[in-house]
Amino acid sequence: MAEIAVADGSWTFNGEMLRIVPGSGKDVDELRRTLGEVMVPLEAIAGVAFEPSRKGGHLRLRLRKGADALSDAAAGTLTAPADPYRLAVPKTRAGAAEYFADEIRDTLLVYQTPSGPCDDYLLPVPNVPISATAGDGTAFFDGERVRLEWTGWASTEKEKAGPQEFPLPDISGVEWRPQSGMSYGTLRFRIKGEGPSSRPPQKDLRCVSWGIQRFGGATALVAAAVLARIPRDVPELPPASPPVSDDVHDAVLRRLGELGELHRSGVLTDEEFATAKQAMIRRLQDS
């Protein structure tokens, strides 16, 4: 069991599942607060790293494409502090964060977990019905259709057009972008048979838009809920390699844990620890 708990939240890894819990402070981003606790299975993880900075750094989780509807909907645009798969770590906990990342990476190597695209979502998708309000509109999704209703911030064009509804079979895609700089944040729906919209977001009847960064995050969950229910074409994956027995996995993981303790206690130097760890992993891959 590996765990790191800081003001920004806590991550706990038991070898099979990573439990992510956001911090409870008032500064926690709307998206992370609304999403709440996330359980990430090992097979959904493509990689993890600790990214150091002057004040500490971030633990950053990279998920396999297609494993998580939220990640696919955001398409890499989520940044701190909204990203639920990024943990801000103070300088005093940087060493603990590096060990935590090592623990997950070692387990991925031991179990030879694939890092390529998934043919099905491995993380739970947002439940329906779901709704979120931001800027000029509210997006509702009941699992069968999307409805956009305009707020008092909507443009004259949107007010005159009134609420918009799109049955799920008519939706070909969802685009979500956060507010950044002078650009609007947007939740936009693509409709089958129609090309990309050239209208600005504040006039696009298929788009909810907002201009303040700290609002709008929860609309990403609406995007994820819709995206998860649109059928997707998945390429056929090559056959997996024969699995290594659980006994071998367990033995290697125990030995890696022992090596980690020796390293933390100062018995092994950084170089000795790295060499011994790589030898154990090579032995597993050759078995």
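Residues numbered from 1 in each chain as written. Predicted model: local features only at pLDDT ≥ 70, side-chain atom pairs only at ≥ 80, totals over all residues. Heavy atoms only, no water.

Caption draft 1: The pattern of salt bridges, seen in detail. Evaluation of the coordinates by the stated rule reveals 14 salt bridges. R147 is the salt-bridge partner of E149, the closest N and O atoms lying 2.6 Å from each other. Judged by relative accessible area, R147 falls into the partly exposed class, the value being 28%. One salt bridge in this structure joins R188 and E175, with 3.8 Å as the shortest N-O distance. Pair noted here: R188 is in strand β13 (residues 185-191) and E175 is in strand β12 (residues 171-177), with a separation of 13 residues, a long-range link. Several salt bridges share partner residues, and in doing so they unite R145, R147, E149 and E165 into one network. (Salt bridge = Lys/Arg side-chain N within 4 Å of Asp/Glu carboxyl O. Buried < 20%, exposed > 50% of the residue type's maximum accessible area, 1.4 Å probe, protein only. Helix = DSSP H or I, 4+ residues; strand = E, 2+ residues; numbered from the N terminus.)

Caption draft 2: Unusual backbone geometry, seen in detail. Residue P81 follows A80 across a cis peptide bond; omega there is 10°. Turning to its location among the elements, P81 is positioned in the loop between α2 (69-74) and β7 (86-90). Cis geometry is adopted by the peptide bond preceding P129, which originates at V128 and carries an omega value of 5°. Along the polypeptide, P129 turns up in the loop between α3 (94-110) and β8 (130-134).

Caption draft 3: Structural detail: the nonpolar core. By size, the foremost hydrophobic cluster in this structure holds 39 residues, and its most contacted members are L187 and V226. Those elements that provide at least two residues to this core are α2, β8, β9 (137-141), β10 (145-150), β12, β13, β14 (207-210) and α5 (219-228). A per-element tally of this core places α5 first, with 9 residues. The residues contacting V226, other than those within four sequence positions of it, are F141, V146, L168, I171, V174 and F189. Counting residues in hydrophobic clusters, the runner-up holds 29 residues, among them W11, F50, Y85 and A97. (Core = buried A, V, L, I, M, F, W, Y, C linked by side-chain atoms within 4.5 Å. Contact = heavy atoms within 4.5 Å.)

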